Amino acid sequence: MSENKVGGSMWKDALILFAITLISGLMLGLVYQVTEQPRREQQERRIQEACRAVFAQADRFEEYTYTVDETLAQELAADGVKTGTVYQALDNGGNSLGYVIETTSGEGYGGNITLYAGITKDGIVNGVSILSISETPGLGMRAGEVLVPQFAEKPAVSFTYTKSGSQSDSEIDAISGATITTKAVTNAVNGAVRVFEQVLTQAAGPLSDRGTGETEGRETV
């Protein structure tokens, strides 16, 4: 085969490959655009469901703008935690009931664990909902079943976990055989508590009566 024919064949193959790549890229882009809105709506539904799970008494949830100072961000990062979106839980009269705080622990056994913690204005954990988790089936994946219920209706303080049976409201019974998952979930909830304490209480008012159920003297957001 002559050199010209070889060169022509190579150019032909290159053009065919380019055309296939271009068409594939255009099709992927089209599919992405077509599915973008349904994916966004599905994600929004998941978020609303997570918010509702931790604040069933709320009428609606509105995104709350806040800024975590650098010191707090570094402290959370040291525990493998980063903060996400915060929503304000409102009743049907527009009064603040508390906040839903998104945090992610990057130190789960199977990767990131993202959860939403609902904390009332009085500093009580109203509930915790795990948004995403990929832990070991039968062990870490039991976090929603074993760990989540233990945080509900307890004062929003720094939680610890134990393998020998909790002795106080601030202690969480670890999942047997899944200490890493337990630690990650506990740290993520603690991250939400820290955000509430250092940032959101500026709007919710002082916590001198935390856990008593008293709200007198606190500002309404």
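The rules behind each value
Residues numbered from 1 in each chain as written. Predicted model: local features only at pLDDT ≥ 70, side-chain atom pairs only at ≥ 80, totals over all residues. Heavy atoms only, no water. Phe/Tyr/Trp six-rings, centres within 6.5 Å; stacked < 30°, edge-to-face > 60°. Helix = DSSP H or I, 4+ residues; strand = E, 2+ residues; numbered from the N terminus. Buried < 20%, exposed > 50% of the residue type's maximum accessible area, 1.4 Å probe, protein only. Pairing = 2+ DSSP bridges. Salt bridge = Lys/Arg side-chain N within 4 Å of Asp/Glu carboxyl O. pLDDT = per-residue confidence, 0-100. Contact = heavy atoms within 4.5 Å. Core = buried A, V, L, I, M, F, W, Y, C linked by side-chain atoms within 4.5 Å.

Engineer: What is the right way to read the packing of aromatic side chains from this model?
Structural biologist: Aromatic ring pairs: the centre-centre distance and the angle between the two ring planes describe each pair. Scanning all chains against the criterion turns up four aromatic pairs. Judged by centre distance (6.3 Å) and plane angle (40 degrees), the ring pair of tyrosine 87 and tyrosine 116 falls under tilted. On the criterion of sequence distance, the pair formed by tyrosine 87 in strand β2 (residues 81–90) and tyrosine 116 in strand β4 (residues 111–120) is long-range, its members being 29 residues apart. Note on tyrosine 87: relative accessible area 9%, which makes it buried. Using a relative accessible area of 1% as the deciding quantity, one classes tyrosine 116 as buried. Summarising the aromatic geometry, the rings of phenylalanine 151 and phenylalanine 159 are spaced 5.1 Å apart at their centres and angled 85 degrees between planes, so their arrangement reads as edge-to-face. Three or more aromatic residues joined by ring pairs form one cluster here, namely Tyr64, Tyr99 and Phe196.

Engineer: Can you walk me through the sheet that holds strand β3 (residues 96–108) in this structure?
Structural biologist: Strand pairs in the sheet, formed through backbone hydrogen bonds, run parallel or antiparallel to each other. In space, the six strands of this open sheet follow the order β1-β2-β3-β4-β5-β6, with antiparallel pairing throughout. Only two strands of the sheet have a single partner each, and these edge strands are β1 (60–64) and β6 (154–155). Examined bridge by bridge, β3 and β4 share nine bridges and lie antiparallel to one another. Residue pairing in the sheet places valine 100 in a bridge with glycine 118 of β4.

Engineer: How should unusual backbone geometry be read in this particular structure?
Structural biologist: Generally, phi is negative for residues other than glycine and the peptide bonds are trans, each holding for most cases. Unusually for a residue other than glycine, glutamate 153 sits at a positive phi of about 65 degrees. One can find glutamate 153 in the loop between α4 (148–151) and β6. Judged by its relative accessible area of 69%, glutamate 153 falls in the exposed class.

Engineer: Can you walk me through the pairing of β3 in this structure?
Structural biologist: The side chains of a regular strand alternate between the sheet's two faces. In terms of burial, β3 is a largely internal element, ten of the 13 residues being buried. Of the strand pairs in this sheet, β2 and β3 are connected by eight bridges, and their pairing is antiparallel. Residue threonine 83 lies in a different strand from β3, and its bridge partner there is threonine 103. Between the antiparallel neighbours β3 and β4 lie two residues.

Engineer: How should I be thinking about the pattern of salt bridges in this particular structure?
Structural biologist: Any two side chains of opposite charge can pair, so long as their charged atoms come close to each other. Under the definition given, this model contains four salt bridges. Of the charged contacts in the structure, one is a salt bridge between aspartate 59 and arginine 60, with a shortest N-O distance of 3.7 Å. In this structure arginine 60 comes out as partly exposed when scored by relative accessible area, which is 32%. A salt bridge links glutamate 145 to arginine 142; its shortest N-O distance comes to 3.6 Å. On the accessibility criterion, glutamate 145 (56% relative accessible area) is exposed.

Engineer: How do you make sense of the confidence of the model for the protein chain when you look at a structure like this?
Structural biologist: For any part of a model where pLDDT is low, the fine detail of the predicted coordinates should not be relied upon. The predicted model of the protein chain has a mean per-residue pLDDT of 85, with 82% of residues at 70 or higher. Within the model, the stretch residues 206–221 combines pLDDT values under 50 with 38 contacts to residues more than four positions away or in other chains.

Engineer: Where do I start with the pairing of strand β5 (residues 124–132) in this structure?
Structural biologist: Pairing of β4 with β5 involves six bridges; the strand directions are antiparallel. Across the sheet, threonine 114 pairs through a bridge with serine 132, a residue of β5. Sheet topology places β5 next to β6; two bridges connect them, and they run antiparallel. Note that in β6 the partner of valine 125 across the bridge is lysine 154.

Engineer: I'm lost on the environment of alanine 143 in this one. Help?
Structural biologist: Tracing the sequence through the fold places alanine 143 in helix α3 (residues 143–146). As for alanine 143 and threonine 182, which are separated by 39 residues in sequence, their C-alpha atoms are 7.3 Å apart. Apart from the residues lying within four places of it in its own chain, the contact partners of alanine 143 are Ile130, Ile133, Val148, Ile175, Thr181 and Val185.

Engineer: Just to check I follow, could you spell out the nonpolar core for this structure?
Structural biologist: A general tendency of soluble globular proteins is for nonpolar side chains to be buried together. Counting residues in hydrophobic clusters, the biggest one holds 34 residues, and the most contacted among them are Tyr66, Ile101, Val128, Phe151, Val185, Val195 and Leu200. Elements that contribute at least two residues to this core include exactly α2 (70–78), β2, β3, β4, β5, α4 and α5 (179–204). If we skip the residues at most four places from it in the chain, isoleucine 101 touches Thr85, Val86, Leu115, Tyr116, Ala117, Ile119, Ala192, Val195, Phe196 and Leu200. Core analysis: the next-biggest nonpolar cluster, separate from the first, contains twelve residues, Cys51, Tyr87, Ala89 and Val100 among them.

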